[in-house]
Amino acid sequence: MASYRCLVKFTKAYTVVDLNNMNIAVLSGKGGTGKTLVSVNLAAAAEKAAYVDCDIEEPNGNLFFKAENILENDVNVKIPLVDKSLCNGCRKCVDFCKFNALAYIKELIVFEEVCHSCGGCKLVCPQNAITEKDEPVGKIQKGISGGVSVYTGIMNIGEASGVPIIKKLLSFEKSEGNKLTIIDSPPGSACNVMESIQDVDYCILVAEPTLFGVHNLSMVHELVKIFNKPFGAVLNKCLDGENPAEKYCNDNNIKILAKIPYDTELGKLNSEGEIIARKSEKYREMFSTLLNKVIEEAQNAATVNT
Amino acid sequence: MKIAIPTVKNTLNSNVSSSFGRAEYFLIYDTETKENLFVENTAKDSRGGAGIKAAQIVIDSKAEALLTPRLGENAAEVLKSSDMKIYKSIEGTAEENIEAFTGGKLSLLGEVHEGLHGRGLK
């Protein structure tokens, strides 16, 4: 921890990214690669941090943190509500809707799961026949675990998009003041992931040492390049011998930030729902070193970009 | 009576399109006057909700029956609100399907798939 404090002192004078306002996202092309392992332990290795679980379809970071004093808020989206007595069937709303969520056959039909809650139909209706109703899509939670504020997004089963939940989760976390923030992204490289990483300062790509792992790594690699984010890789489940993910990183000039071994002690603690950085001195040191490296990389990138 | 068929090209010997929402055209054929009209499917390139918009187009064409190999659940929901009869098309051209329909050889479409929702064939 000493080097961590030292770095804070050193960097504050020189860089534009304030450590207490740094946002780091942890991504991978698929589930089960180690995003939660890395992000939970990075947050735990920092003395004070926020951990934000954006994996809203299956948030599991809090299985490790077991946060206390949980506060909960519902997340709703706006869905058009039609007053059939006012609607004259002009179809301006149907023509306007770019998501094709509306059809008019005898009366206006609303496809709620296709609706993106843009509110356009309400605006274009000359009859004022459309109002909006709240439709619950999930909830967000906040709790405390040691020095870590744990934020969790949870999507209701059957919902099509987690984006509104991730938006509310991240803006709620920001509204509570600046702190070092570790974002546990959803798996893959689609809308939910893009929403999670758009305001971050740095991306950590977690990869498995298999050909399948390389394929998934290449997907998130492409994504972070499109978003123009500085990034580095953490290779998880490393064994002796050939590591296709390492080869991919070397071939593509991706900085390898850490290699986590395929280790029985780690696996056992993790499967028991323990935070390894809080239980094992060896791993506390490893994640502390990784955190320092990430902070340094993010600040270097910010300096280069300004 | 007017019938609608999703097609690949705008000719009577075109094959029936394998997709309803993403079909290139809808053939609107009048079984009494033998007139035919090809309506472009402006829903085909939609990012989502193509079936909903395509169903609106078909209903607006005043067709009373639809001949299609398959149908997603959103499109089916829209068509259900009209009095449209939905038949399962046979392998082959639009023309062959018109013959089969007028000969009473087509059966009603029994099942509706859950929709491809943006993951469809292009």
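The rules behind the values
- Residues numbered from 1 in each chain as written.
- Chains lettered and ligands numbered in written order.
- Predicted model: local features only at pLDDT ≥ 70, side-chain atom pairs only at ≥ 80, totals over all residues.
- Heavy atoms only, no water.
- Helix = DSSP H or I, 4+ residues; strand = E, 2+ residues; numbered from the N terminus.
- Buried < 20%, exposed > 50% of the residue type's maximum accessible area, 1.4 Å probe, protein only.
- Contact = heavy atoms within 4.5 Å.
- Areas by Shrake-Rupley, 256 points an atom, 1.4 Å probe, with all protein chains shown as cover.
- Lys, Arg positive; Asp, Glu negative; His and termini not counted.
- Charge placed at Lys NZ, Arg CZ, Asp CG, Glu CD.
- Salt bridge = Lys/Arg side-chain N within 4 Å of Asp/Glu carboxyl O.
- Buried area = accessible area lost by both parts, 1.4 Å probe.
- pLDDT = per-residue confidence, 0-100.
- Phe/Tyr/Trp six-rings, centres within 6.5 Å; stacked < 30°, edge-to-face > 60°.
- Pairing = 2+ DSSP bridges.
- Axes fitted to C-alpha atoms, helices over the stretch in contact; angles between N-to-C directions.

This part covers the overall build of chain A. Across its full length, chain A carries 12 helices and 11 strands. Residue burial in chain A is summarised as follows: out of 306 residues, 50% are buried. In chain A, the share of contacts with a sequence separation of at least 24, taken over all contacts with a separation of at least 6, comes to 73%. Just so you have it, chain A exposes about 14,800 Å², and 51% of that area is on carbon and sulfur atoms. When the 33 positive and 38 negative side-chain charges of chain A are each reduced to one mean point, those points stand 3 Å apart.

Okay, the overall build of chain B next. Secondary structure assignment for chain B yields three helices and five strands. Along chain B, helices (α) and strands (β) appear in the sequence β-β-β-α-β-α-β-α when read from the amino end. Along the first, second and third principal axes, the C-alpha atoms of chain B reach 35 × 25 × 25 Å. Here chain B has roughly 6,500 Å² of accessible surface; of this, 47% comes from carbon and sulfur atoms. One finds the centroid of the 15 positive side-chain charges in chain B at a distance of 5 Å from the centroid of its 17 negative side-chain charges.

Moving on: the pattern of salt bridges. Residues and elements named next belong to chain A. Taken as a whole, this structure holds 24 salt bridges over all chains when the rule is applied. Between K122 and E132 there is a salt bridge whose closest N-O contact spans 3.9 Å. On the criterion of sequence distance, the pair formed by K122 in helix α5 (residues 120–124) and E132 in strand β6 (residues 130–145) is long-range, its members being 10 residues apart. Taking relative accessible area as the criterion, K122 reaches 38% and is therefore assigned partly exposed. The partly exposed category is assigned to E132, whose relative accessible area is 29%. Residues joined in a network through salt bridges with shared partners are K30, E208 and K237.

By the secondary structure assignment, S149 of chain A is in strand β7 (residues 148–155). With sequence-adjacent residues up to four places away left out, S149 of chain A is seen in contact with A49, A50, Y51, K142, G143, I144 and K179 of chain A.

The interface of chain A with chain B comprises 13 residues on the first partner and 15 residues on the second. Summing the contributions of chain A and of chain B, the shared interface buries around 1,100 Å²; its carbon and sulfur component is 54%. Looking at the side of chain A facing chain B, the largest losses of area belong to N100, I105 and F111 of chain A, adding up to 52% of the total buried there. Our enumeration of links across chain A and chain B arrives at two salt bridges.

So, about the environment of V8 of chain B. Residue and element names in this part refer to chain B. Within the fold, V8 resides in the loop between β1 (2–7) and β2 (25–30). For V8 and N36, which are 28 residues apart along the polypeptide, the C-alpha to C-alpha distance reads 15 Å. When sequence neighbours within four positions are dropped, the list of residues in contact with V8 reads S14, N15, V16, S17, E24 and Y25.

Looking now at the confidence of the model for chain A. Confidence in the prediction for chain A averages 92 pLDDT; 94% of positions are at 70 or higher. Contacts for the low-pLDDT stretch residues 1–15 of chain A, under 50 throughout, to residues beyond four places or in other chains number 21 contacts.

For S117 of chain A, which is not a glycine, the phi torsion comes out positive at approximately 55°. Along the chain, S117 of chain A falls in the loop between β5 (107–110) and α5. Residue classification places S117 of chain A among the partly exposed residues on the basis of a relative accessible area of 27%. Of note in this structure, K34 of chain B is not a glycine but carries a positive phi near 65°. Examined against the element boundaries, K34 of chain B turns out to sit in the loop between β2 and β3 (36–40). Looking at K34 of chain B, the relative accessible area reads 54%, which means it is exposed.

This part covers the packing of aromatic side chains. Scanning the model with the defined rule gives five aromatic pairs over all chains in all. Centroid distance Y51 of chain A to F65 of chain A: 5.1 Å. Interplanar angle 50°. Geometry classified as tilted. Within this pair, whereas Y51 of chain A is found in strand β2 (residues 49–53), its partner F65 of chain A is found in helix α3 (residues 61–65), the two being separated by 14 residues in sequence. Each member of the pair, Y51 of chain A as well as F65 of chain A, carries the same accessibility label: buried. Taken together, a centroid distance of 6.5 Å and an interplanar angle of 90° make the contact between Y25 of chain B and F38 of chain B edge-to-face.

Residue and element names in this part refer to chain B. Ordered by their spatial adjacency, five strands build an open sheet running β3-β2-β1-β4-β5, and the pairing between neighbours is mixed. Two strands close off the open sheet at either side, each with one partner strand: β3 and β5 (85–88). Along the sheet, successive strands turn relative to each other by an average axial angle of 25°, direction set aside. In this structure, β1 lies alongside β2, joined through six bridges in antiparallel fashion. Counterpart to P6 in the pairing with β2 is F26. Of the strands in this sheet, β1, β2, β3 and β4 (65–68) touch helix α1 (residues 50–60), which is tilted by about 20° from β2.

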